[in-house]
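As a plain string of letters, each chain reads:
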Amino acid sequence: MSRASRRCQPVPAQVRRTAELLERRWQLSILYAALSGAIRFSEFADAIAGISPRMLSERLRELEGAGLIARAVLPTSPPTVEYRLTARGRRLGPIIEAMRAYSEAPLGSGRPSD
């Protein structure tokens, strides 16, 4: 008696591209900080322990390039820079919230459920 084999679908290119962006170190932490209200560089730096200013700048530029964060220079003296999530960036909120909730859930038996 033969069982029909199950085949999984290939990972779509869109999912891979998003994963490649979010897999980079610090990206999810920066997005979490932005979702939590950080808008200034110093607020991101305070929220993300261990990130260097150089790395934070680089990652913010990457997120801006991906259309997830918008950078605005305000005409103050000295100029102030703010980073805000775009609508596209805010759409990642439920995913990041699910990750936070998952991390708080008690550990199970480690066995997959049927």
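Residues numbered from 1 in each chain as written. Predicted model: local features only at pLDDT ≥ 70, side-chain atom pairs only at ≥ 80, totals over all residues. Heavy atoms only, no water.

### A few points about the packing of helix H2 (residues 27-35) against helix H4 (residues 53-65)
Any two packed helices are characterised by the angle at which their axes cross and by the distance between the axes. What counts, and what does not: Axis geometry follows a simple rule: fit a line to the C-alpha atoms, using only the stretch in contact for helices, then measure angles between N-to-C directions, giving values from 0 to 180 degrees. Put simply, DSSP H or I for four residues or longer makes a helix, DSSP E for two residues or longer makes a strand, and each gets a number counted from the N terminus. The labels follow the angle: roughly parallel below 35 degrees, roughly antiparallel above 145, roughly perpendicular from 65 to 115, and oblique for the rest. Whether two residues are in contact is decided by their heavy atoms, any of which lying within 4.5 Å being enough. Asp, Glu, Lys and Arg are counted as charged, while Ala, Val, Leu, Ile, Met, Phe, Trp, Tyr, Cys and Pro are counted as nonpolar; the rest, among them Gly, fall into the polar class.
Packing of H2 against H4 brings their axes to within 10 Å, and their N-to-C directions diverge by 75 degrees. As judged from the angle between their axes, H2 and H4 are roughly perpendicular. In this structure, H2 uses Gln 27, Ile 30 and Leu 31 to contact H4, whose residues at the interface are Leu 56, Arg 59, Leu 60, Glu 62 and Leu 63. Residues that form the contact of H2 with H4 fall into these classes: 5 nonpolar, 1 polar and 2 charged.

### Notes on the pairing of strand E1 (residues 69-74)
Worth spelling out the cut-off: In this scheme, strands are said to pair when DSSP sees at least two bridges between them.
Bridge analysis of E1 against strand E2 (residues 80-85) gives 6 bridges, and the strand direction is antiparallel. Within the sheet, the bridge partner assigned to Ala 70 lies in E2 and is Arg 84. Where E1 folds back on E2, the antiparallel hairpin that results is connected by 5 residues.

Such coordinate-based values are descriptive only and should not be taken to indicate function.
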